[in-house]
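Notes for the structure review
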Amino acid sequence: MSEKIPATVITGFLGAGKTTLIRHVLANAKGRKLALIINEFGDVGVDGEILKACGNDACGEDDIIELANGCICCTVADDFVPTMTKLLSRSEKPDHIIIETSGLALPQPLVRAFNWPDIKAQVTVDGVLTVVDGKALAEGRFADDEEALAAQRAEDPNLDHENPIEELFEDQLNAADMVILNKSDLLSETERKATADELKGKLRPATRLVAAQNGAVDLSVLLGVKGKAEDDMHNRLSHHEMEGEEQHDHDDFVTFIVELPAKQDRAALLKTVERTIAGHDILRIKGFADVAGSDSRLLLQAVGPRLNSYFDRPWAKGEERATRLVVIGEKHMDRKAIEAALQG
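First things first, this report covers the structure right here in the doc. Not measured: the values here are computed from a predicted model. (Residues numbered from 1 in each chain as written. Predicted model: local features only at pLDDT ≥ 70, side-chain atom pairs only at ≥ 80, totals over all residues. Heavy atoms only, no water.)

Relative to the assigned elements, Ala 136 resides in helix α6 (residues 134–138). Exposure remark for Ala 136: the relative accessible area of 1% places this residue in the buried category. Spatially, the C-alpha atom of Ala 136 lies 10.0 Å from that of Asn 182, the residues being 46 residues apart in sequence. (Helix = DSSP H or I, 4+ residues; strand = E, 2+ residues; numbered from the N terminus. Buried < 20%, exposed > 50% of the residue type's maximum accessible area, 1.4 Å probe, protein only.)

Written out as structure tokens, the structure reads:
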């Protein structure tokens with residue numbers, strides 16, 4: 001029997017740098033034929049568009065498959081399994097499959113799907129990589145104060161559940177063969193050591209921790225982990241599984257799209273986005289903008305207070321030039337106020 005195709009699952013919270021990591025993999029594939037499956041939480045496939053703009057020989061546009069019908073952990077049977085079946089039916093199969101989950105996905109249901117007979121016969125999960133935003137974690141944005149949480153629970157008996165972000169973060173860590181402490185260049189040496197020590201306390205003993213800048217990790221480290229994660233799920237349980245629950249939903253998070261007028265002034269747009277983030281409880285903003293005086297589209301990515309932007313590629317002939325921003329946050333955020341703020 002021929003050797004199984006290795007698959008790498010890349011997970012991590014919103015804005016941790018998963019897409020940047022994949023771009024690094026594409027740029028350093030060294031002859032490997034890769035297939036990408038990209039999952040978005042929401043209606044606009046921003047990450048897939050970013051990767052398609054790379055123009056890399058390792059992975060053509062036909063090898064990038066987007067699943068935009070919701071979180072991949074909730075659509076395994078309807079979306080992921082048929083997608084894998086179709087991919088594996090190709091005459092020219094990939095050397096390696098890369099799967100990027102949305103920032104709100106539980107990795108566990110996806111990894112379990114590799115035990116479906118038609119998939120298991122041909123593919124194995126080489127490794128689950130969890131990307132962590134080192135700067136955000138150092139600032140305490142995605143790690144709750146356990147003492148404060150315990151105090152709240154003591155005062156209010158109705159608070160018998162964990163913060164949804166903290167729970168999701170821990171589930172992504174527990175599924176990992178490797179945790180990538182990304183954006184480590186934004187940390188001082190003291191912050192980097194403290195953050196790494198904090199992470200190590202949350203990891204399974206077999207999980208490796210690797211520091212990275214801009215997702216740059218040698219492919220000899222990223223690929224070829226040989227974790228066979230689908231056979232090791234009893235060591236990678238999520239909170240829901242450990243508590244005997246069978247379902248996972250995203251009622252704690254919302255996502256919506258804000259469309260802005262074309263021909264935006266770049267500086268004014270960036271100031272508007274920064275001001276909106278500062279004034280509202282937003283986890284993530286990402287999207288593309290039509291900027292006045294430029295023939296290229298502007299890519300915007302914001303996590304917490306940090307906003308990055310660059311022109312990723314020229315607008316294609318006949319392509320609609322538009323400005324659309326995806327906003328992601330917890331369910332209590334004020335959508336109308338955010339929309340009004342972004343409209344200026």
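Counting residues in each nonpolar core, the largest one holds 23 residues, and the members touching the most others are Phe 80, Met 84, Ile 97, Ile 99, Phe 114 and Val 123. Contributing elements (two or more residues each) for this core: β1 (5–12), β2 (34–39), α3 (76–88), β4 (96–100), α4 (107–112) and β5 (123–133). Broken down by element, the residue count for this core peaks at five residues, all from α3. Among residues more than four places away in sequence, those in contact with Met 84 are Ile 37, Ile 97, Phe 114, Ile 119 and Val 123. One finds Ile 22, Ile 38, Leu 129 and Ile 180 within the second-largest nonpolar core, a separate group that totals 21 residues. (Core = buried A, V, L, I, M, F, W, Y, C linked by side-chain atoms within 4.5 Å. Contact = heavy atoms within 4.5 Å.)

One non-glycine residue, Lys 183, adopts positive backbone phi at about 60 degrees. Structurally, Lys 183 can be placed in the loop between β6 (178–182) and α9 (189–200). Unusually for a residue other than glycine, Lys 226 sits at a positive phi of about 55 degrees. Structurally, the position occupied by Lys 226 is in the loop between α10 (219–222) and α11 (239–242). Note on Lys 226: relative accessible area 62%, which makes it exposed.

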